[in-house]
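Each chain, letter by letter, is given below.
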Amino acid sequence: MSNKIPSRPVRPRRSVLYLPAGNARALDKLSGLDCDGAIFDLEDSVAPGAKDQAREALREFFGQGRAAALPGGMEKIIRINALSSPWAGEDLLAARGCRPDAILVPKVEAPEDITAIEDALEQTDAPLNLRIWAMIETPLGVMNAGRIAQAARSDGTRLDCFVVGGNDLIKETGVASLPGRPWLAQWLMQIVLAARAYGLDVLDAVYNDFRDQDGFAAECGDGQAMGFDGKTLIHPAQIEPANRAFGIDDTARVEAEAIVSAFAQPENHGRGVINLDGRMVERLHLEVAERMLEKAQRISARDNQEITS
Ligand code: COA
Ligand code: MG
């Protein structure tokens, strides 16, 4: 196992929308939406009796080229049922055949869960750029988040992103679901920390009350402050506020540009720390600024439809 954390490309994942895979109206709607990613759900939003139909709808959507015709840069993720469920095998085969960007695995509780999916994908000769996203949504998942994220250090790993499953976490723990998430916050931070330790992206949980725009905006603000890369969403009305909260505003962009340009001055060449208008700025801030500008550039390319895949 290598000690080096694989460096991953910067991808905007401000807004990642779930939709039930069998919901034809939602599938129709997707091409007009401005989310950074779409999660086609075969799990909780699909009733046990409708799993086959949802899988079939997904095959059609991808098979007919409708997924490929979605706006450039929109990541396509398929959420399969839990490995312990009777549907996981068929879901995995269907998902792999659709060739999405990633497969989202629910209720991941140990590194072995990731290995099992990696092995299953290997056996079907899945393309190497098919990534794995993991839902952290159970007490064991939170407790083992660091060990699970460590799988991101294995050579050739597909593990790419953690997604918090807030509704399951609340159900499994009995924690109170309150505005500001006071009791949940420490577990959310644990998940962020685990992801960061091993270079994974990490997405915040959904906000169920999709008509409450103020509550949603507040929770986006909290999630951004906690260090999440973006939020998972359940309704189109949540896309624009999430893009705003997890995007890069003009002030942040101008500041990042000033840091990059200051370090580029000949007199600052080779210096570890500089004075920028009365503020100490170190090379670590330069790294943050460069990454932020790369992300801003990706977002702008996405907005201008310059990304084709
Ligand atoms: N993706 C794409 N389109 C969606 C959507 C979604 N997640 N949620 C709603 N829409 C569409 C609706 O189809 C409707 O389109 P139409 O005007 O063409 O009919 C429009 O947006 C307005 O929807 P609205 O009437 O406000 O809500 P609804 O009653 O149709 O749906 C939910 C409400 C909660 C059932 C729906 O948003 C949903 O299924 N969300 C995702 C749930 C999910 O995947 N959960 C699993 C992860 S937690
Ligand atoms: Mg769940």
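Cut-offs used in this document
- Residue numbers here run from 1 along each chain, matching the order of that chain's written sequence.
- In the order they appear in the text, chains get letters beginning with A and ligands get numbers beginning with 1.
- Per-residue local features are limited, in this predicted model, to residues with pLDDT of at least 70; the limit for side-chain atom pairs, both in listing and counting, is 80 or more; totals at the level of whole chains, interfaces and linings are taken over all residues.
- Only hydrogens and water are removed before side-chain values are computed, so all heavy atoms of the structure are retained for them.
- In this text, helices come from DSSP runs of H or I with a minimum length of four residues, and strands from runs of E with a minimum of two, each type numbered from the N-terminal end.
- Computation of the radius of gyration draws on C-alpha atoms alone. For the globule rule, the value is 2.2 Å times the number of residues to the power 0.38.
- Relative accessible area decides the class of each residue, using a 1.4 Å probe on protein chains only: under 20% of the type maximum gives buried, over 50% gives exposed, and in between gives partly exposed.
- Contacts were defined at the residue level, with two residues in contact if any of their heavy atoms lie within 4.5 Å.
- Each accessible area is a Shrake-Rupley result for a 1.4 Å probe, and residues are judged covered by the shown protein chains and nothing else.
- Points on a 1 Å grid over protein atoms alone make up a cavity when a 1.4 Å probe fits among them but cannot get out, and a pocket when they form an open set with protein on both sides within 12 Å along at least five of seven lines; lining residues each have an atom within 4 Å of a point.
- Grid points are joined across faces, edges and corners, and a volume is the space filled by probe spheres set on the points.
- All residues other than Ala, Val, Leu, Ile, Met, Phe, Trp, Tyr, Cys, Pro, Asp, Glu, Lys and Arg, Gly among them, are scored as polar; the first ten of these are nonpolar and the last four charged.
- The criterion for strand pairing is that DSSP finds at least two bridges linking the strands in question.
- Residues are classed as near a molecule or strand on a simple rule: at least one heavy atom within 4 Å of it.
- Counting of polar contacts relies on pairs of N or O atoms within 3.5 Å, with two restrictions inside protein: one atom must be capable of donating a hydrogen and the other of accepting it, and residues adjacent in sequence are counted only when both atoms are side-chain atoms.
- Pairing of aromatic side chains here covers Phe, Tyr and the six-membered ring of Trp, requires ring centres within 6.5 Å, and sorts the geometry by plane angle: under 30 degrees stacked, over 60 edge-to-face, intermediate tilted.

K.L.:
What am I meant to see in the overall build of the protein here?
P.N.:
A tally of helices and strands in the protein yields 12 helices and 10 strands. In terms of overall size, the protein behaves like a compact globule, its C-alpha atoms giving a radius of gyration of 20 Å where 309 residues would be expected to give roughly 19 Å. In terms of its C-alpha atoms, the protein occupies a principal-axis envelope of roughly 65 × 45 × 40 Å. Sorting the 309 residues of the protein into buried and exposed places 49% on the buried side. If you take every contact in the protein between residues at least 6 apart in sequence, the share linking residues at least 24 apart comes to 72%. Carbon and sulfur atoms form 52% of the exposed surface of the protein, whose accessible area is close to 14,900 Å².

K.L.:
Just to check I follow, could you spell out the layout of surface pockets for this structure?
P.N.:
Space left empty within the atom packing is revealed by a probe, the size of a water molecule, rolled over the atoms. Quantified by volume, the second largest pocket comes out at close to 360 Å³. S177, L178, R181, Y207 and E219 are, among the 20 residues lining the second largest pocket, the residues nearest its centre. Secondary structure elements with two or more residues in the lining of the second largest pocket: α7 (166-173) and α9 (213-226). No other element matches the four residues that α9 contributes to the lining of the second largest pocket. In terms of residue class, the lining of the second largest pocket is made up of nine nonpolar, six polar and five charged.

K.L.:
In this structure, what is going on with the pairing of strand β2 (residues 37-41)? I would like to understand it.
P.N.:
Consecutive side chains along a regular strand alternate between the two faces of the sheet. For β2, the buried fraction is high: five of the five residues fall into the buried class. Residues of β2 alternate between two faces, with G37, I39 and D41 on one and A38 and F40 on the opposite face, all of them buried. Bridge count for strand β1 (residues 15-20) against β2 is five bridges, and the pairing is parallel. Note that in β2 the partner of Y18 across the bridge is I39. Where β2 meets strand β3 (residues 75-79), five bridges bridge the pair, whose relative direction is parallel.

K.L.:
Help me understand the site of ligand 1, please; the structure alone is not making it clear to me.
P.N.:
Around ligand 1, 15 residues are found, and the nearest of them are Y18, R25, I234, H235 and P236. Here K29 contributes a side-chain N or O atom positioned 3.5 Å from an oxygen atom of ligand 1. Between I234 and ligand 1, the recorded distance is 2.8 Å, taken from a backbone N or O atom to a nitrogen atom. Expressed as a share of its isolated accessible area of 890 Å², the protein-covered part of ligand 1 is 64%. Broken down by secondary-structure element, the contributors of at least two residues to the shell around ligand 1 are β1 and α1 (24-29).

K.L.:
I keep staring at the packing of aromatic side chains and nothing clicks. Help me out?
P.N.:
A ring pair, where both rings are aromatic, is described by two values, the distance of the centres and the angle of the planes. Applying the stated rule across the entire model yields four aromatic pairs. Aromatic ring contacts, followed pair by pair, group F40, F61 and F62 into a single cluster.

K.L.:
Sorry if this is basic, but what is going on with the environment of E219 here?
P.N.:
By the secondary structure assignment, E219 is in helix α9. The sequence separation of E219 and A94 amounts to 125 residues, and the corresponding C-alpha distance is 34 Å. Setting aside residues up to four positions removed in sequence, E219 forms contacts with R181, D204, A205, V206, Y207 and K231. Within the local environment of E219, its side chain forms a polar contact with the side chain of K231, the two groups lying 2.8 Å apart.

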